Amino acid sequence: MYKKYLYSIAFIGLFSHPFAWSQEAEHPNIVLIYADDLGYGDLGSYGALDFETPNLDRLANEGMRFTNFEVAQAVCSASRAGIMTGTYPNRIGLSGALNPHASIGLNPEEETLAELVKRAGDYKAAIFGKWHLGHLRPFLPLQQGFDEFVGLPYSNDMWKWTYDMHLATPETHARKASYPELPLLEGNGTRAYIKDLEDQANLTSLYTEEATRFIRENKSGPFLLVVPHSMPHVPLAVSEKFKGRSKQGLYGDVVMEIDWSVGEIVKALDENELSENTIVIFTSDNGPWLNFGDHAGSAGGLREGKGTSFEGGQRVPCIVKWPGRVPEGTINNKLASTIDFFPTFAEILQVPLPERKIDGVSILELWENKPGANPRKTFNYYYQKNALEAIRKDNWKLVFPHVHRTYRGVSPGKKGVNGPTRQAKIGMALYDLRRDPGERYDVQKENPEIVAELSALANKVREDLGDDLLEITGKNRREPGRVKTN
């Protein structure tokens, strides 16, 4: 399927740039690694307790650590759509977590990171890990610009096993019983099936082996390497080399193995003399799935977790290393998001953005730690299909009345079995995230002018993207890819 791009205006403008398509254009390798359900407080450099992440801590010491970094939405498929395209996922028709029965996926008409870098030159692109942007052939990575793919088409809990590791039946768990066997894909085909936790225990090592092989085979570069780990999303499993290594139990073991994976990838870059010309990024797709208790991570004191538009669901760790461009050992407190990777790469590579509207902004000036840089002043917190649950400008966050998942007031689960969640209602509330990152104190009465400003901003956003809470459609939303199934 061919992409339809209209770059004419941007293309003409490109040639007016003194460095456009010249030898001065940069072509760094890009390595983007992200975990699944890793919380804001789950790395040593972000305050993790009872397990160690020395490789990621070293990455932070050699690069930049972000403290106000938001995902596009706090759930799997939607978050990944934002990473891959630089758009709010509700703009391109994706929400929630696509399951094995889904007939939709990332529309091949949307441009991905892989297609972006290939417009800059002879880039190779690979993804090893969890895709979760549509499991049907038209939506898989090889049809979205990638040259190689090994990994799961969706989450590692989308199989026939219940969380207490019993085979599901229509009586015990009808949804899981309806799922097919969990495939490990290679390219467009099935390489094997993930049948039990022993198979799951090999996933982190497998993705790492594929990633380091790709680095060795493409050391003449340039390349884009994306490694979206399947864990620490439940069910948790870890290889023998990390079993029992942490004081926090299996969750800590799993995070330590992901840290080892990052170390192996960085070592492969070093051994092949690629580190000086490689951007390495580590982040997470959303916050922790807190009702899994000891098999869940930490939101680091932020409110709630995965599946909510509170900070615990959407604020995640982000570390960026780029020798010579990102100052070592820096901390950046400015607002930024996963949707900003796409336009940042476009600026670095000096290629025009797609004709189709995206929502990210280049944060290259933040990476370079330029004084006064603050490219992203606002952020929209959408959840469900298309509900604008909050909006942010600078450090002010205005929450709109909505019903939300809450982990409060219920006991979390243990040993991989999920505890309950509740539904709660929140009215309009204003939070000053500088003083109150836990979103505990509503200060709208003291700041009516801020409420008015953010309310007006939200109305403009609704005109563009819509809002199911107010039954507004929005003028500029696009359809996901669709495949007719029987």
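The preceding data block contains the structure.
Novice: Any chance you could explain unusual backbone geometry here in plain terms?
Specialist: A negative phi holds for most residues other than glycine; trans holds for most peptide bonds. Residue proline 222 follows glycine 221 across a cis peptide bond; omega there is -5°. The residue proline 222 is located in the loop between α7 (203–217) and β9 (223–228) in this model. Cis geometry is found at the peptide bond from valine 234 to proline 235, where omega equals 0°. By secondary structure assignment, the location of proline 235 is in the loop between β9 and α8 (250–271). Although it is not a glycine, glutamine 350 adopts a positive phi angle of roughly 60°. Looking at the element boundaries, glutamine 350 is found in the loop between α10 (341–349) and α11 (364–367).

Novice: What should I look at first to understand the packing of α7 against α8 in this one?
Specialist: What describes two packed helices is the angle between their axes and the distance between those same axes. Closest axis-to-axis distance for the α7/α8 pair is 9 Å, and the angle between their directions is 10°. Between α7 and α8, the angle falls in the class roughly parallel. Contacts from Thr204, Ser205, Thr208, Ala211, Thr212 and Ile215 of α7 reach α8 at Glu257, Ile258, Trp260, Ser261, Glu264, Ile265, Ala268 and Leu269. Taken together, the residues of the contact of α7 with α8 break down into seven nonpolar, five polar and two charged.

Novice: Looking at this structure, I do not really get the state of the cysteines. What am I missing?
Specialist: A covalent bond between the sulfur atoms of two cysteines is what we call a disulfide. Scanning the entire structure with this criterion turns up zero disulfides. Cysteine cysteine 76 is unpaired, with the sulfur of cysteine 318 as its nearest cysteine sulfur at 18 Å. Residue class for cysteine 76 comes out buried when judged on its relative accessible area of 2%.

Novice: How should I be thinking about the sheet that holds strand β14 (residues 378–383) in this particular structure?
Specialist: The strands that make up a sheet are held in pairs by hydrogen bonds between backbone atoms, and each pair lies either parallel or antiparallel. Here we have four strands laid out as an open sheet, ordered β14-β15-β16-β19, and antiparallel in their pairing. Of all strands in the sheet, those with a lone pairing partner are β14 and β19 (429–432), marking the two edges. The average angle at which neighbouring strand axes cross in this sheet is 20°, direction not considered. Looking at chain direction, strand β16 (residues 396–399) and β19 are connected through four bridges and run antiparallel. Counted as the bridge partner of leucine 398 is leucine 430 from β19. Packing against the sheet, helix α12 (residues 448–465) makes contact with β14, β15 (387–393), β16 and β19, and its axis sits at approximately 130° to β15.

Novice: Teacher, can you tell me more about the environment of glutamine 384 here?
Specialist: Tracing the sequence through the fold places glutamine 384 in the loop between β14 and β15. With 35 residues separating them in the primary sequence, glutamine 384 and glycine 419 have C-alpha atoms 21 Å apart. Filtering out sequence-adjacent residues up to four positions away, glutamine 384 remains in contact with Gln73, Ser95 and Glu389.

Novice: Mind showing me how you'd approach the sheet that holds strand β10 (residues 278–284) here?
Specialist: Reading across from one edge, β8-β7-β6-β5-β9-β1-β10-β11-β2-β12 is the order of the ten strands in this open sheet, with mixed pairing throughout. In this open sheet, the two edge strands, each paired with only one partner strand, are β8 (189–194) and β12 (330–332). On average, each strand axis in the sheet is tilted by 15° relative to the strand beside it, whichever way the strands run. Relative to β8, strand β7 (residues 182–186) runs antiparallel, the two sharing five bridges. Considered in β8, the bridge of leucine 182 is made with isoleucine 194. Strands β2 (64–66), β10 and β11 (318–321) of the sheet are contacted by helix α2 (residues 54–61), whose axis makes an angle of about 60° with β11. The sheet strands contacting α8 are β1 (29–35), β9 and β10, and the helix crosses β1 at an angle near 175°.

Novice: Is there a simple way to think about the packing of aromatic side chains in this case?
Specialist: Ring pairs (aromatic) are described by centroid distance and by the angle formed between their planes. Applying the stated rule across the entire model yields 15 aromatic pairs. Judged by centre distance (5.7 Å) and plane angle (35°), the rings of phenylalanine 69 and phenylalanine 341 are tilted. Remark: phenylalanine 341 occurs in helix α10 and phenylalanine 69 occurs in strand β3 (residues 69–70); sequence separation between them is 272 residues. For the residue pair phenylalanine 69 and phenylalanine 341, the accessibility class agrees, reading buried in each case. Here phenylalanine 128 and phenylalanine 214 contribute two aromatic rings whose centre-to-centre distance is 6.1 Å and whose plane-to-plane angle is 70°, an arrangement assigned as edge-to-face. Note that phenylalanine 128 is positioned in strand β5 (residues 124–128) and phenylalanine 214 in helix α7, a separation of 86 residues in sequence. We classify phenylalanine 128 as buried; its relative accessible area is 0%. Residue classification places phenylalanine 214 among the buried positions, given a relative accessible area of 1%. Grouping aromatic residues by their ring pairs yields a cluster made of Phe66, Phe69, Phe341, Phe345 and Trp367.

Novice: Looking at this model, I keep getting lost on a nonpolar patch on the surface. Mind explaining?
Specialist: Nonpolar side chains collect at one region of the surface, where Leu469, Leu470 and Ile472 lie side by side and expose about 230 Å² of accessible area between them. Counting through the fold element by element, isoleucine 472 comes out in the loop between α12 and β20 (481–482). A residue is classified by how much of its surface remains accessible, and isoleucine 472, at 30% relative accessible area, is partly exposed.

What counts and how
Each chain carries its own residue numbering, running from 1 in the direction its sequence is written. This being a predicted model, a pLDDT of at least 70 is required before a residue's local features are given, and a value of 80 or more before pairs of side-chain atoms are given or counted; all residues contribute to the totals for chains, interfaces and linings. Calculation of side-chain values draws on the structure's entire complement of heavy atoms; hydrogens and water are dropped beforehand. Every helix listed is a DSSP run of H or I at least four residues long, and every strand listed is a run of E at least two residues long, numbered separately from the N terminus. Only C-alpha atoms enter the line fits that serve as axes; for helices the fit covers just the stretch in contact. Angles between N-to-C directions range over 0 to 180 degrees. Should an angle fall under 35 degrees it is called roughly parallel, over 145 degrees roughly antiparallel, and 65 to 115 degrees roughly perpendicular, with every other angle called oblique. It only takes one pair of heavy atoms within 4.5 Å for two residues to be counted as in contact. Any residue that is not Ala, Val, Leu, Ile, Met, Phe, Trp, Tyr, Cys, Pro, Asp, Glu, Lys or Arg is counted as polar, Gly included; the first ten are nonpolar and the last four charged. When the sulfur atoms of two cysteines come within 2.5 Å, that pair is taken as a disulfide. Only protein chains enter the calculation, and the probe is 1.4 Å; a residue is then buried if its accessible area is under 20% of its type maximum, exposed if over 50%, and partly exposed in between. Strands are labelled as partners when DSSP assigns at least two bridges between them. For this analysis, a ring pair means two rings from Phe, Tyr or Trp (six-membered ring only for Trp) whose centres lie within 6.5 Å, classed as stacked if their planes differ by under 30 degrees, edge-to-face if by over 60, and tilted for the remaining angles. Within the patch definition used here, like charges are joined within 9 Å and nonpolar side chains (Val, Leu, Ile, Met, Phe, Trp, Tyr) within 5 Å, considering only residues with over 30% relative accessible area and no salt bridge. Throughout, the Shrake-Rupley method with a 1.4 Å probe supplies accessible areas, and for residues the shown protein chains are the sole cover considered. Whenever Lys or Arg places a side-chain nitrogen within 4 Å of a carboxyl oxygen from Asp or Glu, that contact is recorded as a salt bridge.

As far as function goes, none of this settles anything; it's purely spatial.
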